[in-house]
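# Descriptive analysis of the structure
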Amino acid sequence: TQLLEQSPQFLSIQEGENLTVYCNSSSVFSSLQWYRQEPGEGPVLLVTVVTGGEVKKLKRLTFQFGDARKDSSLHITAAQPGDTGLYLCAGIQTGANNLFFGTGTRLTVIP
Amino acid sequence: EPEVTQTPSHQVTQMGQEVILRCVPISNHLYFYWYRQILGQKVEFLVSFYNNEISEKSEIFDDQFSVERPDGSNFTLKIRSTKLEDSAMYFCASSESYVTGELFFGEGSRLTVL
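Residues numbered from 1 in each chain as written. Chains lettered and ligands numbered in written order. Predicted model: local features only at pLDDT ≥ 70, side-chain atom pairs only at ≥ 80, totals over all residues. Heavy atoms only, no water.

### Focus: the overall build of chain A
For chain A, the count of helices and strands is zero helices and 11 strands. Counted from the first residue to the last, chain A has its helices and strands arranged as β-β-β-β-β-β-β-β-β-β-β. Here the C-alpha coordinates of chain A stretch approximately 45 × 30 × 20 Å along the principal axes. The buried share of chain A, reckoned over its 111 residues, is 47%. In chain A, once contacts between residues fewer than 6 apart in sequence are set aside, the share between residues at least 24 apart is 55%. Carbon together with sulfur atoms contributes 50% to the accessible area of chain A, which is approximately 5,000 Å² in total. Computed over 8 positive and 9 negative side-chain charges, the inter-centroid distance for chain A is 5 Å. (Helix = DSSP H or I, 4+ residues; strand = E, 2+ residues; numbered from the N terminus. Buried < 20%, exposed > 50% of the residue type's maximum accessible area, 1.4 Å probe, protein only. Contact = heavy atoms within 4.5 Å. Areas by Shrake-Rupley, 256 points an atom, 1.4 Å probe, with all protein chains shown as cover. Lys, Arg positive; Asp, Glu negative; His and termini not counted. Charge placed at Lys NZ, Arg CZ, Asp CG, Glu CD.)

### Considering the interface of chain B and chain A
Counting residues at the interface gives 19 residues for chain B and 22 residues for chain A. Between chain B and chain A, a total of about 1,700 Å² is buried, with carbon and sulfur atoms accounting for 51% of that surface. The tally of links between chain B and chain A comes to zero salt bridges. In this assembly, chain B and chain A are joined by five residue pairs in polar contact (both at pLDDT 80 or more). When contributions to the side of chain B that touches chain A are tallied by element, the ones reaching two or more residues are strand E4 (31-37), strand E5 (43-50) and strand E9 (88-95) of chain B. Sorting elements by how many residues they give to the side of chain B that touches chain A places E4(B) first, with four residues. Among the residues forming the side of chain B that touches chain A, the class breakdown is 10 nonpolar, five polar and four charged. (Buried area = accessible area lost by both parts, 1.4 Å probe. Salt bridge = Lys/Arg side-chain N within 4 Å of Asp/Glu carboxyl O. Polar contact = N/O pair within 3.5 Å; in protein donor to acceptor, adjacent residues only side chain to side chain. Nonpolar A, V, L, I, M, F, W, Y, C, P; charged D, E, K, R; others polar.)

Everything listed here is a matter of geometry and, on its own, says nothing about what the molecule does.
Below you can see the structure in the form of structure tokens.
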């Protein structure tokens, strides 16, 4: 089983603060995705990164894929209460066709 | 916007009973998946399906589980004889491409085994 560990597991911050969530593995992934999941719903794709060192921005969210394609980070600038949710990283190993999910980071942004 | 739909949204069953969870993937997608999420735990891969056969399956997907695409539209997950530990949210997902693997998930079916 390819383990994707996310840190922190829980994060509670004030509105307007910045935060970074990390996703780490000892395995190499051909691509890595970030999802957000609301309670009682399925994960919703935010971004896919495929190239080592790649950086993608989605409004206030910045995603980076590590040079060795083993890790990734999600940085949120000026967090808002609407950012509250469970953030999941998920990776696909080279040659595989199944997505392994990370352990998740539950973010709470307090107004 | 196209979406993956799942039924039922919630099913309660007795231990030992058979359960069928149904999914309608996005129409032009070719790859289909089932995942599960036990309450408070991570999303776990069960099985992937392409070209009318299983592509990959996890250790969780034992002989009690089966999948099929009976009519070219629905994609079903059957649990033959449910156990208490099968209680979870079951998510269906589909993707258009193998290479990027961008999955689109349904809203899930909550299975409660008593």
